[in-house]
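The chain contents come next:
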Amino acid sequence: MNLRFLETFVWVARLKSFSLTAEKLHTTQAAISHRIASLERELGVRLLDRNVRDVTLTPQGVDAFTRAERLVQLAAEFRKRISDTKALQGTVRIGVIESVAYTWLPTFIEQVSQRLPEVALMIDSYTSVEIAEHLRKSVLDLGLLMGPVLAPGVVSQKLCELACVWVASPNLDVPDSALDMEDIAHLRVLSYPRDSQPHATISQLIRDAGGDETRMICAPLGTMIRLALKGAGVAAIPAAAITSELQSGTLRVIKLRQPFPPIPVVAAYLQAEDHLLPALITEIAAEVASEFCRDLPERTHSKHKQILAAN
């Protein structure tokens, strides 16, 4: 039985469209129709009902889908385990959020280069919402983002959580004592882009404190850090992204009683029997992220650790 035909059937079942499947598998709609027809002839059953608007599974198709999906997954796992990874070639398009770019991305790139020397990486920074959309449209092969991504054929794997701290420039008049959000309502709050989960969290904290959301400055993480250094406002930032600033004293931790939740990072990739690299690279990302978060306390200034514990 042709595994490519099975994979085609799985994608048609997921996307409910011959044209979208053709786009996803980088082929023509006629080729997709031929593969499905060949598979149905071989099995002697009709798997799909086609009409002008959509494609649906027949009762036999429903039964076949879960089994075909598992076969495709097993084939991918077999190839991943048996293949000589150093001989694998190709280009993988990766989207990353800035919280990753400012923490363990350099180590991740170094590890991929060592283990997959013939693989080229194309890396761009996006918001999590943009990465999820690019994955759905097959613009990206892999995303390192706040997830998971709920879409047909997309696998999500949790990598780590990045602990966040409230910080401000020493030039801002912020007391050293334990504070509530109401105590800093007169200051500007620096926030993540508006379509992100961290932004929604900050907005809720400000609303609960009776503050004015319109005073927030929304920006990517790198810009938030630069603005905080200049004293433009207070911000909740992954501690690992600003270790040097905290150690040098150019930013200091504010002891807010409302701790900011950690930022969860997941890897999400398009699962395909003939494209093993995203799954292999996700394994590398999981190792790097886990080691980074495990070793972070040892790389953090002792005074900073005490402040974190006080929060």
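Everything below is about the structure shown above.
Each value, and the rule that gives it
Residues numbered from 1 in each chain as written. Predicted model: local features only at pLDDT ≥ 70, side-chain atom pairs only at ≥ 80, totals over all residues. Heavy atoms only, no water. Core = buried A, V, L, I, M, F, W, Y, C linked by side-chain atoms within 4.5 Å. Buried < 20%, exposed > 50% of the residue type's maximum accessible area, 1.4 Å probe, protein only. Helix = DSSP H or I, 4+ residues; strand = E, 2+ residues; numbered from the N terminus. Contact = heavy atoms within 4.5 Å. Salt bridge = Lys/Arg side-chain N within 4 Å of Asp/Glu carboxyl O. Pairing = 2+ DSSP bridges. Axes fitted to C-alpha atoms, helices over the stretch in contact; angles between N-to-C directions. Phe/Tyr/Trp six-rings, centres within 6.5 Å; stacked < 30°, edge-to-face > 60°. Parallel < 35°, antiparallel > 145°, perpendicular 65-115°, else oblique.

## Overview of the nonpolar core
Logical step 1: Formed by 103 residues in total, the largest nonpolar core has its most connected members in Phe9, Trp104, Phe108, Leu144, Leu159, Trp166 and Ile237.
Logical step 2: A per-element tally of this core places helix α11 (residues 277–299) first, with 10 residues.
Logical step 3: Every residue in contact with phenylalanine 9, bar those within four places of it in the chain, is listed here: Ile36, Leu39, Leu47, Leu48, Leu57, Gly61, Ala64, Phe65 and Ala68.

## Focus on the pattern of salt bridges
Logical step 1: Overall, the coordinates contain 12 salt bridges when judged by the stated rule.
Logical step 2: Put simply, glutamate 161 and lysine 158 hold a salt bridge, and the shortest N to O gap is 3.1 Å.
Logical step 3: Relative accessible area serves as the criterion here: at 52%, lysine 158 is assigned to the exposed category.

## Focus: the sheet that holds strand β5 (residues 142–145)
Logical step 1: With mixed pairing, 5 strands are arranged side by side in an open sheet as β4-β3-β5-β12-β6. The open sheet has two edge strands with one neighbour each: β4 (119–125) and β6 (154–162). On average, each strand axis in the sheet is tilted by 20 degrees relative to the strand beside it, whichever way the strands run.
Logical step 2: Looking at chain direction, strand β3 (residues 90–96) and β5 are connected through 3 bridges and run parallel. By the bridge assignment for β5, glycine 95 is matched with glycine 143.
Logical step 3: This element, helix α6 (residues 105–115), spans β3, β4 and β5 of the sheet and lies at about 165 degrees to β4.

## Let's talk about the packing of aromatic side chains
Logical step 1: Considering all chains together, one arrives at 2 aromatic pairs under this definition.
Logical step 2: On the numbers, 6.1 Å between centres and 90 degrees between planes, the contact of tryptophan 104 with phenylalanine 108 is edge-to-face.
Logical step 3: Residue classification places tryptophan 104 among the buried positions, given a relative accessible area of 0%.
Logical step 4: Assessed through its relative accessible area of 0%, phenylalanine 108 is described here as buried.
Logical step 5: Relative to phenylalanine 260, the ring of tryptophan 166 lies with its centre 5.9 Å away and its plane at 90 degrees, an arrangement referred to as edge-to-face. Pair noted here: tryptophan 166 is in strand β7 (residues 164–168) and phenylalanine 260 is in the loop between β11 (252–253) and β12 (263–270), with a separation of 94 residues, a long-range link.

## Some details on the packing of helix α1 (residues 3–15) against helix α3 (residues 29–43)
Logical step 1: At a closest axis distance of 9 Å, the pairing of α1 and α3 adopts a crossing angle of 110 degrees. For the element pair α1 / α3, the angle class is roughly perpendicular. Of α3, the residues touching α1 (which contributes Arg4, Phe5, Leu6, Thr8, Phe9 and Val12) are Ile32, Arg35, Ile36, Ser38 and Leu39.

## Quick notes on the pairing of β12
Logical step 1: Of all the 8 residues making up β12, 7 are buried; the element is thus mostly covered by neighbouring parts of the structure.
Logical step 2: Where β5 and β12 come together, 4 bridges link them in antiparallel fashion. Within β12, the residue paired with leucine 144 across the bridge is alanine 267.
Logical step 3: Pairing between β6 and β12: 8 bridges, direction antiparallel. For lysine 158, the partnering residue across the bridge sits in β12 and is valine 266.

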